[in-house]
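# Structure at a glance
As a plain string of letters, each chain reads:
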Amino acid sequence: MTNDIIALGAESEITRITIWGHTYVAKRRPRKPYLLSELDTYLRASRTARECKSLNIARSLGIPTPAVHSVDMQNYTLILDHIAGKQLKEAVGQVSPSLLRRLCNQFGSLIGKLHDGNLVHGDPTTSNVIIDKKSRLWMIDFGLSEFNADTEMKGVDLHLIRRAFETTHWTHQDEMLQSTIEGYTEVLGDFAEPNLSRMEEIRTRGRYH
Ligand SMILES: Nc1ncnc2c1ncn2[C@@H]1O[C@H](COP(=O)(O)OP(=O)(O)OP(=O)(O)O)[C@@H](O)[C@H]1O
Ligand SMILES: [Mg+2]
(Lines give C-alpha, C1' and ligand atoms only; values in the text may rest on other atoms or scores of the structure.)
(Ligands and ions follow the chains in the order given, each with its own letter.)
Protein backbone atom coordinates (compact mmCIF):
# COMPACT_ATOMS: atom_id res chain seq x y z
CA MET A 1 0.00 0.00 0.00
CA THR A 2 1.31 3.46 -0.87
CA ASN A 3 0.05 6.80 0.45
CA ASP A 4 0.77 10.30 -0.78
CA ILE A 5 -0.83 13.66 -0.19
CA ILE A 6 -1.95 15.17 -3.50
CA ALA A 7 -3.82 18.26 -2.31
CA LEU A 8 -3.80 20.18 0.92
CA GLY A 9 -6.40 22.92 1.09
CA ALA A 10 -7.97 24.99 3.81
CA GLU A 11 -10.92 22.60 3.83
CA SER A 12 -9.48 19.18 3.24
CA GLU A 13 -6.51 16.90 2.90
CA ILE A 14 -6.52 14.62 -0.14
CA THR A 15 -4.36 11.50 -0.02
CA ARG A 16 -3.91 9.04 -2.89
CA ILE A 17 -3.87 5.44 -1.70
CA THR A 18 -2.96 2.47 -3.88
CA ILE A 19 -4.01 -0.95 -2.62
CA TRP A 20 -3.56 -4.07 -4.75
CA GLY A 21 -3.31 -2.04 -7.93
CA HIS A 22 -6.44 0.05 -7.38
CA THR A 23 -6.05 3.75 -6.61
CA TYR A 24 -8.36 5.53 -4.18
CA VAL A 25 -8.47 8.97 -2.68
CA ALA A 26 -9.03 9.68 1.02
CA LYS A 27 -10.64 13.08 1.55
CA ARG A 28 -10.32 14.11 5.16
CA ARG A 29 -11.64 17.33 6.65
CA PRO A 30 -9.23 18.29 9.42
CA ARG A 31 -10.09 20.38 12.44
CA LYS A 32 -9.92 24.15 12.05
CA PRO A 33 -8.31 25.44 15.23
CA TYR A 34 -9.77 28.95 14.85
CA LEU A 35 -13.39 27.71 14.91
CA LEU A 36 -15.40 27.07 18.05
CA SER A 37 -15.23 23.33 18.54
CA GLU A 38 -19.03 22.73 18.33
CA LEU A 39 -19.24 24.66 15.06
CA ASP A 40 -16.13 22.93 13.72
CA THR A 41 -17.57 19.47 14.47
CA TYR A 42 -20.93 20.41 12.95
CA LEU A 43 -19.36 21.71 9.72
CA ARG A 44 -17.01 18.77 9.26
CA ALA A 45 -19.82 16.29 9.85
CA SER A 46 -22.41 18.01 7.70
CA ARG A 47 -20.06 18.62 4.77
CA THR A 48 -18.76 15.05 4.84
CA ALA A 49 -22.29 13.61 4.90
CA ARG A 50 -23.52 16.06 2.27
CA GLU A 51 -20.63 15.30 -0.04
CA CYS A 52 -21.21 11.55 0.18
CA LYS A 53 -24.94 11.90 -0.52
CA SER A 54 -24.51 14.36 -3.40
CA LEU A 55 -21.77 12.39 -5.13
CA ASN A 56 -24.18 9.45 -5.27
CA ILE A 57 -27.24 11.46 -6.28
CA ALA A 58 -25.26 13.27 -8.98
CA ARG A 59 -24.12 9.88 -10.27
CA SER A 60 -27.70 8.69 -10.45
CA LEU A 61 -28.53 11.82 -12.47
CA GLY A 62 -25.93 10.80 -15.07
CA ILE A 63 -23.03 12.98 -13.96
CA PRO A 64 -19.66 11.21 -13.77
CA THR A 65 -18.48 11.40 -10.13
CA PRO A 66 -16.03 9.21 -8.20
CA ALA A 67 -17.69 6.24 -6.47
CA VAL A 68 -17.80 6.48 -2.67
CA HIS A 69 -16.30 3.37 -1.07
CA SER A 70 -16.48 4.32 2.58
CA VAL A 71 -17.60 7.07 4.94
CA ASP A 72 -15.85 7.49 8.29
CA MET A 73 -17.84 9.97 10.36
CA GLN A 74 -15.41 9.64 13.31
CA ASN A 75 -12.59 11.04 11.20
CA TYR A 76 -14.67 13.02 8.68
CA THR A 77 -13.13 11.05 5.85
CA LEU A 78 -14.48 9.70 2.58
CA ILE A 79 -12.76 7.03 0.50
CA LEU A 80 -13.41 7.70 -3.19
CA ASP A 81 -12.21 6.35 -6.49
CA HIS A 82 -9.20 8.23 -7.76
CA ILE A 83 -9.99 9.87 -11.10
CA ALA A 84 -6.90 9.90 -13.30
CA GLY A 85 -6.63 13.20 -15.11
CA LYS A 86 -6.11 16.87 -14.40
CA GLN A 87 -8.17 19.77 -13.18
CA LEU A 88 -10.17 21.51 -15.91
CA LYS A 89 -8.51 24.68 -14.58
CA GLU A 90 -5.09 23.46 -15.79
CA ALA A 91 -6.43 22.21 -19.13
CA VAL A 92 -8.03 25.53 -20.14
CA GLY A 93 -4.77 27.14 -21.29
CA GLN A 94 -3.46 23.96 -22.92
CA VAL A 95 -6.24 22.84 -25.27
CA SER A 96 -7.33 24.13 -28.69
CA PRO A 97 -10.15 26.70 -28.85
CA SER A 98 -12.51 24.10 -30.34
CA LEU A 99 -11.79 21.53 -27.61
CA LEU A 100 -12.23 24.24 -24.97
CA ARG A 101 -15.67 25.00 -26.41
CA ARG A 102 -16.60 21.32 -26.37
CA LEU A 103 -15.38 20.91 -22.78
CA CYS A 104 -17.36 23.94 -21.61
CA ASN A 105 -20.42 22.67 -23.46
CA GLN A 106 -19.99 19.36 -21.61
CA PHE A 107 -19.52 21.23 -18.30
CA GLY A 108 -22.74 23.20 -18.94
CA SER A 109 -24.67 20.04 -19.71
CA LEU A 110 -23.45 18.39 -16.48
CA ILE A 111 -24.57 21.44 -14.48
CA GLY A 112 -27.88 21.27 -16.39
CA LYS A 113 -28.37 17.63 -15.35
CA LEU A 114 -27.59 18.51 -11.72
CA HIS A 115 -30.08 21.39 -11.76
CA ASP A 116 -32.66 19.21 -13.48
CA GLY A 117 -32.41 16.98 -10.39
CA ASN A 118 -32.78 20.07 -8.15
CA LEU A 119 -29.23 19.72 -6.88
CA VAL A 120 -26.78 22.65 -6.90
CA HIS A 121 -23.04 22.15 -6.68
CA GLY A 122 -22.24 25.11 -4.43
CA ASP A 123 -18.62 25.54 -5.59
CA PRO A 124 -18.73 25.06 -9.37
CA THR A 125 -15.20 26.17 -10.25
CA THR A 126 -12.85 24.67 -12.82
CA SER A 127 -10.72 23.19 -9.97
CA ASN A 128 -13.66 21.00 -9.09
CA VAL A 129 -13.88 19.36 -12.50
CA ILE A 130 -11.42 16.69 -13.60
CA ILE A 131 -10.75 15.96 -17.27
CA ASP A 132 -9.64 12.40 -18.02
CA LYS A 133 -7.55 11.19 -20.94
CA LYS A 134 -10.64 10.67 -23.10
CA SER A 135 -11.60 14.34 -22.51
CA ARG A 136 -14.48 13.23 -20.33
CA LEU A 137 -15.37 15.52 -17.42
CA TRP A 138 -15.88 14.34 -13.84
CA MET A 139 -17.35 16.50 -11.09
CA ILE A 140 -15.94 16.48 -7.56
CA ASP A 141 -16.05 18.48 -4.32
CA PHE A 142 -19.75 18.43 -3.37
CA GLY A 143 -19.26 19.53 0.27
CA LEU A 144 -21.22 22.77 -0.30
CA SER A 145 -23.96 21.26 -2.48
CA GLU A 146 -27.66 21.63 -1.67
CA PHE A 147 -30.74 19.54 -2.33
CA ASN A 148 -34.26 20.72 -3.24
CA ALA A 149 -32.74 23.71 -5.00
CA ASP A 150 -34.99 26.51 -6.27
CA THR A 151 -34.45 29.08 -9.04
CA GLU A 152 -32.46 31.38 -6.75
CA MET A 153 -30.01 28.61 -5.78
CA LYS A 154 -29.57 27.57 -9.41
CA GLY A 155 -29.05 31.22 -10.39
CA VAL A 156 -26.35 31.50 -7.72
CA ASP A 157 -24.63 28.33 -9.01
CA LEU A 158 -24.57 29.84 -12.53
CA HIS A 159 -23.35 33.17 -11.17
CA LEU A 160 -20.49 31.38 -9.40
CA ILE A 161 -19.51 29.73 -12.69
CA ARG A 162 -19.40 33.11 -14.40
CA ARG A 163 -17.35 34.57 -11.51
CA ALA A 164 -14.92 31.64 -11.69
CA PHE A 165 -14.43 32.18 -15.43
CA GLU A 166 -13.95 35.94 -14.91
CA THR A 167 -11.40 35.59 -12.17
CA THR A 168 -9.46 32.48 -13.26
CA HIS A 169 -9.86 32.40 -17.04
CA TRP A 170 -10.47 36.01 -17.98
CA THR A 171 -8.84 35.73 -21.43
CA HIS A 172 -11.25 32.94 -22.41
CA GLN A 173 -14.24 33.93 -20.29
CA ASP A 174 -16.64 34.92 -23.09
CA GLU A 175 -16.38 31.76 -25.18
CA MET A 176 -16.30 29.61 -22.03
CA LEU A 177 -19.49 31.14 -20.66
CA GLN A 178 -21.24 31.01 -24.02
CA SER A 179 -20.46 27.29 -24.53
CA THR A 180 -21.38 26.48 -20.94
CA ILE A 181 -24.77 28.17 -21.36
CA GLU A 182 -25.31 26.33 -24.65
CA GLY A 183 -24.68 22.95 -22.99
CA TYR A 184 -26.90 23.96 -20.06
CA THR A 185 -29.75 24.98 -22.35
CA GLU A 186 -29.44 21.83 -24.48
CA VAL A 187 -30.22 19.79 -21.35
CA LEU A 188 -32.84 21.97 -19.71
CA GLY A 189 -34.68 23.39 -22.73
CA ASP A 190 -37.25 25.99 -21.67
CA PHE A 191 -36.45 25.35 -18.00
CA ALA A 192 -33.02 26.97 -18.46
CA GLU A 193 -34.37 30.47 -19.01
CA PRO A 194 -35.59 31.36 -15.47
CA ASN A 195 -32.26 30.20 -14.00
CA LEU A 196 -30.24 32.17 -16.57
CA SER A 197 -32.34 35.30 -15.97
CA ARG A 198 -31.75 34.86 -12.25
CA MET A 199 -28.00 34.64 -12.91
CA GLU A 200 -28.19 38.03 -14.67
CA GLU A 201 -30.26 39.50 -11.88
CA ILE A 202 -27.81 38.34 -9.21
CA ARG A 203 -24.97 40.01 -11.07
CA THR A 204 -26.88 43.32 -11.18
CA ARG A 205 -27.64 43.04 -7.47
CA GLY A 206 -23.94 42.55 -6.76
CA ARG A 207 -23.07 45.64 -8.73
CA TYR A 208 -25.54 48.10 -7.29
CA HIS A 209 -25.92 47.05 -3.66
N1 LIG B 1 -11.52 11.56 -6.48
C2 LIG B 1 -10.48 12.29 -6.88
N3 LIG B 1 -9.68 11.85 -7.88
C4 LIG B 1 -8.62 12.58 -8.28
N5 LIG B 1 -8.26 13.78 -7.74
C6 LIG B 1 -9.02 14.27 -6.74
C7 LIG B 1 -10.17 13.57 -6.26
N8 LIG B 1 -10.72 14.28 -5.27
C9 LIG B 1 -9.96 15.39 -5.14
N10 LIG B 1 -8.94 15.39 -6.02
C11 LIG B 1 -7.91 16.44 -6.19
O12 LIG B 1 -7.76 17.17 -4.98
C13 LIG B 1 -8.18 18.54 -5.15
C14 LIG B 1 -8.93 19.01 -3.91
O15 LIG B 1 -10.08 18.17 -3.71
P16 LIG B 1 -11.52 18.79 -3.42
O17 LIG B 1 -11.83 19.83 -4.43
O18 LIG B 1 -12.49 17.68 -3.28
O19 LIG B 1 -11.31 19.43 -1.98
P20 LIG B 1 -11.25 20.95 -1.48
O21 LIG B 1 -11.10 21.90 -2.60
O22 LIG B 1 -10.34 21.04 -0.34
O23 LIG B 1 -12.70 21.11 -1.07
P24 LIG B 1 -13.73 21.27 0.10
O25 LIG B 1 -14.30 22.61 -0.09
O26 LIG B 1 -14.76 20.20 -0.07
O27 LIG B 1 -12.97 21.09 1.37
C28 LIG B 1 -9.03 18.53 -6.41
O29 LIG B 1 -9.06 19.78 -7.07
C30 LIG B 1 -8.36 17.44 -7.25
O31 LIG B 1 -7.23 17.96 -7.91
MG1 LIG C 1 -12.07 21.86 -4.55
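Here the structure is a predicted model, which is why all the values come from computation and not from measurement. (Residues numbered from 1 in each chain as written. Chains lettered and ligands numbered in written order. Predicted model: local features only at pLDDT ≥ 70, side-chain atom pairs only at ≥ 80, totals over all residues. Heavy atoms only, no water.)

Looking now at the overall build of the protein chain. Scanning the protein chain for helices and strands turns up six helices and eight strands. Taking 2.2 N^0.38 as the reference for a compact globule, 209 residues should give roughly 17 Å; the C-alpha atoms of the protein chain span a radius of gyration of 17 Å, in line with that estimate. Taking contacts inside the protein chain between residues at least 6 apart in sequence as the whole, the part at least 24 apart equals 61%. Roughly 11,200 Å² of accessible area belongs to the protein chain as shown, and the carbon and sulfur atoms make up 53% of that amount. Taking the average location of the 26 positive side-chain charges in the protein chain and that of its 26 negative ones, the two points are 3 Å from each other. (Helix = DSSP H or I, 4+ residues; strand = E, 2+ residues; numbered from the N terminus. Rg over C-alpha atoms; globule rule 2.2 N^0.38 Å. Contact = heavy atoms within 4.5 Å. Areas by Shrake-Rupley, 256 points an atom, 1.4 Å probe, with all protein chains shown as cover. Lys, Arg positive; Asp, Glu negative; His and termini not counted. Charge placed at Lys NZ, Arg CZ, Asp CG, Glu CD.)

With that settled, consider the pattern of salt bridges. The final tally for this structure, using the stated rule, is 17 salt bridges. Close ionic contact of D4 with R16 constitutes a salt bridge, the shortest N to O distance being 3.4 Å. One end of the pair, D4, is in strand β1 (residues 2-8); the other, R16, is in strand β2 (residues 13-19), and twelve residues separate them in sequence. Judged by its relative accessible area of 34%, D4 falls in the partly exposed class. In this structure, R205 engages E152 in a salt bridge whose closest nitrogen and oxygen atoms are separated by 3.1 Å. In this pair, R205 sits in helix α6 (residues 192-208) while E152 sits in helix α4 (residues 151-168), placing the two residues 53 residues apart along the sequence. You can call R205 partly exposed: its relative accessible area is 33%. The structure contains a network of salt bridges with shared partners spanning K27, R29, E51 and D141. (Salt bridge = Lys/Arg side-chain N within 4 Å of Asp/Glu carboxyl O. Buried < 20%, exposed > 50% of the residue type's maximum accessible area, 1.4 Å probe, protein only.)

On to the sheet that holds strand β5 (residues 77-81). Reading across from one edge, β1-β2-β3-β5-β4 is the order of the five strands in this open sheet, with antiparallel pairing throughout. Because the sheet does not close on itself, it has two edges, and the strands there are β1 and β4 (68-72). In this sheet, neighbouring strand axes are inclined to one another by 20 degrees on average, regardless of whether the strands run parallel or antiparallel. Across six bridges, the pairing between β1 and β2 is antiparallel. Pairing of I5 across the sheet is with T15, part of β2. (Pairing = 2+ DSSP bridges. Axes fitted to C-alpha atoms, helices over the stretch in contact; angles between N-to-C directions.)

Coordination of the magnesium ion (ligand 2) by the protein involves N128 (OD1) and D141 (OD), with metal-donor separations of 2.1 to 2.2 Å. Here N128, found in the loop between α3 (97-116) and β7 (129-131), pairs with D141, found in the loop between β8 (137-139) and α4; they are 13 residues apart in sequence, far enough to count as distant. (Donors = N, O, S within 2.8 Å, 3.2 Å for Na, K, Ca; no water.)

Across a regular strand the side chains alternate sides, sitting on one face of the sheet and then on the other. Relative to strand β3 (residues 22-28), β2 runs antiparallel, the two being bridged by seven bridges. By the bridge assignment, T15 is partnered in β3 with A26. Between β2 and β3, which pair antiparallel and follow one another directly, the connecting turn spans two residues, one of which, W20, has a positive phi of 45 degrees. Pairing between β3 and β5: five bridges, direction antiparallel. When the bridges of β5 are listed, R28 appears paired with T77.

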